[in-house]
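Below, each chain spelled out in residue letters.
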Amino acid sequence: MSRTLLHIGSFVLPVIVWCIVSYVPFVWHPQVEVTLAGGVDYLQPGMRVDSDEFASQVAQMREQGATPPQGVPANPIYLPAPHEVAVALYTAFTKPPEGRDGQWLHQSLWHSVQIIFWGFFLSSLVGVPLGVLAGAQPVVARLVEPFIEFFRYLPAPAFGALAVAVLGIYDGPKIAIIVIGTLFQQVLVVANTTRKLDTTLVEASRTLGARGLRLLVRVVVPGILPDLYRDQRILLGWAWTYLIVAELIGTSSGITWYITQQARYQHFDNVYAAIVIIGALGFGSDYLLARLGRRLFPWDRQTVGR
Amino acid sequence: MSNRQPANLYLQQSEAVRARFERIRQREVILEVRGLGKRYASAQGEVEALRGIDLTVHRREFVCVIGPSGCGKSTLIRILAGLDSHSSGEVLLDGKPVRGPGRDRGMVFQGYSLFPWLTVKRNVMFGLEMSGYARGTAESEALQWLDLVGLGRFAEAYPHQLSGGMRQRVAIARALVNQPRILLMDEPFGALDAQTRAKMQGHLLEIWRNIDVTILFITHDLDEAVYLADRVLVLKAHPGEVQEVIEVPVPRPRSPEQFTGPEFRATRARLEALIHPPAPPVDDDSRVPTMHMIRMTDVSDNVE
Ligand SMILES: Nc1ncnc2c1ncn2[C@@H]1O[C@H](COP(=O)(O)OP(=O)(O)OP(=O)(O)O)[C@@H](O)[C@H]1O
Ligand SMILES: [Mg+2]
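Given the structure is predicted, the values throughout are model-derived calculations rather than measurements.

Participant: Pulling in residues and values, what's your account of the overall build of chain B?
Facilitator: Broken down by element type, chain B carries eight helices and ten strands. C-alpha extents for chain B along the principal axes are approximately 70 × 55 × 50 Å. Burial analysis of chain B (304 residues in total) assigns 47% to the buried set. Expressed as a percentage of contacts within chain B between residues at least 6 apart in sequence, the contacts between residues at least 24 apart total 70%.

Here you go:
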């Protein structure tokens, strides 16, 4: 009960702060949005000027006997009010995008999700088996891990140009960046998780006749499965951070492109809408995966009794 | 232990007991250990964990191994199980040298070693599945063994839903399902409370009576050793060597009432003397009570 309240609170509190900053005129509001230009040439209705600047213009017009400009306190363009973001969130799905190659928000998102999926899937295809092998067989670990330890410090963006040269300008290099960013960490993390498996379980299975591949498949893999699942959830989060890099190389695309486009035209309400959706998507999917994990691994000590 | 007994009373066996040991010696030898030695290479140089261990175990004999902590009991049983290698000597099971773990030797560990992702039934089936039994056969056999340890009702439960004693019973069933020649047990009841422990000892004797299995049982509980064993192998530490092998003169069938009997007490006293030899009179530890401690409670707040 109180846990749920705290959960909700952790989201509601920042929103309340945002509302106060946006709607209470004497909190912050360092600018004035002009409603009437008056005698000032360069002012136009809808423009935002700094409060000091505005005040001095008002004083000047009064002195000259002209109509002083009028306006209301406002926040900078990069901090839209909650209701503006809410409207943007709605129109993002209802109003067709501007520009020639304009993309709907959901199209951009879907493209990003596909990049993440393929990058993470391909990385896991190699990284998980290799990690399990390295964790279970010291020989494999000694052969593989030093190189990976070296390689993982090379920043993934450094491979951007190379990836484009090899894989073209479309989705290939983007997926490659996600793979490069995820794979090496994945091997090390999974190998570590595998090593942490209780040796008694392995020894017990050996006294019962398990050996070789069967030992791996029937004991090691199920033994680490709940922890492996947790690792994969965390690694998936890391893959998201490489998305930004991935989407800026070659032809920019996906949600990163959407956000940079919207920011360029100063549509910050759309930017925030995209951020809210990405956050909801990431948080929501992780929450679902956690629920699924509890279903899949009813014996898991870390979820038992929760 | 106030009444004086002859020091070697534990060597006196009644007619029935002597005849029983005679019968045991007639049976075939299951396990033969000759001149077994084990050295570990550690950072501080070589550690000699075991030296020149000789042991012969006959079929359906119950042998307990005791000794001070660190004397190499676990090392010994792990070598027998094939989980560790030995440095010298040989281990023969049914006359054949032991190489690696095998189904002919079952093992029960001190810690919980059940597979947490499998139900109790699937845990017991594990060994059979590894031997290539069909699922159906394995299942019906597993259920029989679960009934034998009195846990038939918990076949579909997961290990984390069982108490400590129940888990060890499942572990015993899981080891026995392969019908091993010898059951190796490394302090299997060490983590249990006294009451559960007593119950488990009764259970184990009952199982041992009813099936054809030889048991090598490690413990540091002297009562447990005397209560369970035909013979007790006493090890001493640094390096681990056989100090004495004691034939327990307590008649079978055993029951908890025998704990106060003369044979039991004599054997226990002998083990006590071997494991905890009378300490030298002047000892650093004797100065402990006069230690100068800083008072960390109120001066008037006395507990004694
Ligand atoms: N892997 C190892 N590497 C180095 N030394 C070891 C190793 N395993 C055990 N030893 C040493 O061998 C000796 C015997 O250890 P062992 O675990 O067999 O004792 P134990 O009789 O089972 O003790 P306890 O009653 O505490 O279980 C100890 O001195 C220990 O330090
Ligand atoms: Mg031990």
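Participant: Hey, could you go over the sheet that holds strand E2 (residues 48-50) of chain A for me, with residue numbers and the actual values?
Facilitator: Two strands in a sheet stick together by hydrogen bonds in their backbones, pointing the same way (parallel) or opposite ways (antiparallel). Residues and elements named next belong to chain A. Overall, antiparallel pairing links the three strands, which are arranged E2-E1-E3 in an open sheet. What marks the edges here is a single partner per strand, and that holds for E2 and strand E3 (70-74). Pairwise comparison of adjacent strand axes, ignoring direction, gives a mean angle of 40 degrees for this sheet. With three bridges joining them, strand E1 (residues 31-36) and E2 adopt antiparallel strand pairing. Residue pairing in the sheet places Gln31 in a bridge with Asp50 of E2. Packed onto the sheet, helix H2 (residues 51-64) meets E1, E2 and E3 and runs at close to 90 degrees relative to E2.

Participant: Now, about the packing of helix H5 (residues 164-176) of chain B against helix H6 (residues 194-210) of chain B: what can you tell me, with residues and values included?
Facilitator: When two helices pack together, their arrangement is given by the angle between their axes and by how far apart the axes lie. All names here are of chain B. Across the interface, H5 lies against H6 with an axial gap of 10 Å and an inter-helix angle of 20 degrees. In terms of orientation, H5 and H6 fall into the roughly parallel class. The hand of the H5/H6 crossing is right-handed. Here H5 contributes Gly165, Gln168, Arg169, Ile172 and Leu176 to the contact with H6, which in turn contributes Thr196, Met200, His203, Leu204 and Ile207. Across the contact of H5 with H6, the residue classes tally to five nonpolar, four polar and one charged.

Participant: So what's going on with a positive patch on the surface? Residues and values would help.
Facilitator: On the surface, Arg3, Arg291, Arg294 and Arg295 of chain A cluster together to form a positively charged patch. With respect to the secondary-structure elements, Arg294 of chain A resides in helix H11 (residues 268-296).

Participant: Lay out the domain arrangement of chain B with the relevant residues and their values.
Facilitator: Residues and elements named next belong to chain B. Each domain of chain B was delimited in the assignment, giving domain 1 (15-104 + 181-246) and domain 2 (111-179). The distance between the C-alpha centroids of domain 1 and domain 2 comes to 24 Å. Listed per partner, the contact involves 14 residues of domain 1 and 15 residues of domain 2. Of the roughly 1200 Å² buried between domain 1 and domain 2 on both sides combined, carbon and sulfur atoms contribute 74%. Summed over the three residues of domain 1 that lose the most area to domain 2, namely Arg103, Met200 and Ile207, the buried surface amounts to 42% of that side. At the junction of domain 1 with domain 2, the criterion picks out three residue pairs in polar contact (both at pLDDT 80 or more). Secondary structure elements with two or more residues in the side of domain 1 that touches domain 2: strand E7 (182-186) and H6. Considering each element in turn, the side of domain 1 that touches domain 2 owes the most residues, five residues, to H6.

Participant: Can you explain the pattern of salt bridges? Please cite residues and give values.
Facilitator: Charged atoms that come close allow side chains of opposite charge to pair. Residues and elements named next belong to chain B. In this structure the tally under the stated criterion is 33 salt bridges over all chains. For Glu28, the salt bridge goes to Arg59, with nearest N and O atoms at 3.2 Å. In this pair, Glu28 sits in the loop between helix H1 (15-26) and strand E1 (29-42) while Arg59 sits in the loop between strand E2 (45-58) and strand E3 (62-66), placing the two residues 31 residues apart along the sequence. Using a relative accessible area of 22% as the deciding quantity, one classes Arg59 as partly exposed.

Participant: Break down H5 of chain B for me, citing the residues and quoting the values.
Facilitator: Between its terminal C-alpha atoms H5 of chain B stretches 19 Å, which fits the 18 Å expected from 13 residues at 1.5 Å a residue. Within H5 of chain B, twelve of the 13 residues are buried, which leaves the element mostly enclosed by the surrounding structure. Within the span of H5 of chain B, buried status applies to Gly164, Gly165, Met166, Gln168, Arg169, Val170, Ala171, Ile172, Ala173, Arg174, Ala175 and Leu176 of chain B. Buried residues in H5 of chain B make contact with helix H8 (199-207) of chain A together with strand E6 (105-108), helix H3 (120-130), helix H4 (135-148), E7 and H6 of chain B.

Participant: Give me the domain arrangement of chain A: which residues, what numbers.
Facilitator: Residue and element names in this part refer to chain A. By domain assignment, chain A separates into domain 1 (2-79) and domain 2 (94-305). Put simply, the middle of domain 1 and the middle of domain 2, counted by C-alpha atoms, are 43 Å apart. Opposite the four residues of domain 1 that make contact, domain 2 presents four residues. When the two sides are added together, the surface that domain 1 and domain 2 hide from each other amounts to roughly 390 Å², 74% of it contributed by carbon and sulfur. Among the residues of domain 1 in contact with domain 2, Phe11, Ile77 and Tyr78 are the three that bury the most area, contributing 79% of the side total.

Participant: So, the interface of chain A and chain B: which residues are in play, and what are the values?
Facilitator: Across the contact, 19 residues belong to chain A and 25 residues belong to chain B. Each partner contributes to the roughly 2000 Å² buried at the junction of chain A and chain B, and carbon and sulfur atoms together form 66% of this total. In terms of surface lost to chain B, no three residues of chain A exceed Thr207, Leu208 and Trp299 of chain A, which account for 34% of the buried area on that side. Linking chain A to chain B there are two salt bridges. Between Arg78 of chain B and Glu203 of chain A there is a salt bridge whose closest N-O contact spans 2.7 Å. Breaking the side of chain A that touches chain B down by element, the ones donating at least two residues are H8 and helix H9 (212-248) of chain A. A total of seven residues in the side of chain A that touches chain B trace back to one element, the largest contributor, which is H8 of chain A. For the side of chain A that touches chain B, the class distribution of residues is nine nonpolar, five polar and five charged.

The rules behind each value
- Residues numbered from 1 in each chain as written.
- Chains lettered and ligands numbered in written order.
- Predicted model: local features only at pLDDT ≥ 70, side-chain atom pairs only at ≥ 80, totals over all residues.
- Heavy atoms only, no water.
- Helix = DSSP H or I, 4+ residues; strand = E, 2+ residues; numbered from the N terminus.
- Buried < 20%, exposed > 50% of the residue type's maximum accessible area, 1.4 Å probe, protein only.
- Contact = heavy atoms within 4.5 Å.
- Pairing = 2+ DSSP bridges.
- Axes fitted to C-alpha atoms, helices over the stretch in contact; angles between N-to-C directions.
- Parallel < 35°, antiparallel > 145°, perpendicular 65-115°, else oblique.
- Left-handed = near helix turned anticlockwise from the far one by under 90°.
- Nonpolar A, V, L, I, M, F, W, Y, C, P; charged D, E, K, R; others polar.
- Patch = residues over 30% accessible without salt bridge, like charges linked within 9 Å, V, L, I, M, F, W, Y side chains within 5 Å.
- Areas by Shrake-Rupley, 256 points an atom, 1.4 Å probe, with all protein chains shown as cover.
- Salt bridge = Lys/Arg side-chain N within 4 Å of Asp/Glu carboxyl O.
- Lys, Arg positive; Asp, Glu negative; His and termini not counted.
- Charge placed at Lys NZ, Arg CZ, Asp CG, Glu CD.
- Domains from an automatic or database assignment.
- Buried area = accessible area lost by both parts, 1.4 Å probe.
- Polar contact = N/O pair within 3.5 Å; in protein donor to acceptor, adjacent residues only side chain to side chain.
- Expected span 1.5 Å × (residues − 1).

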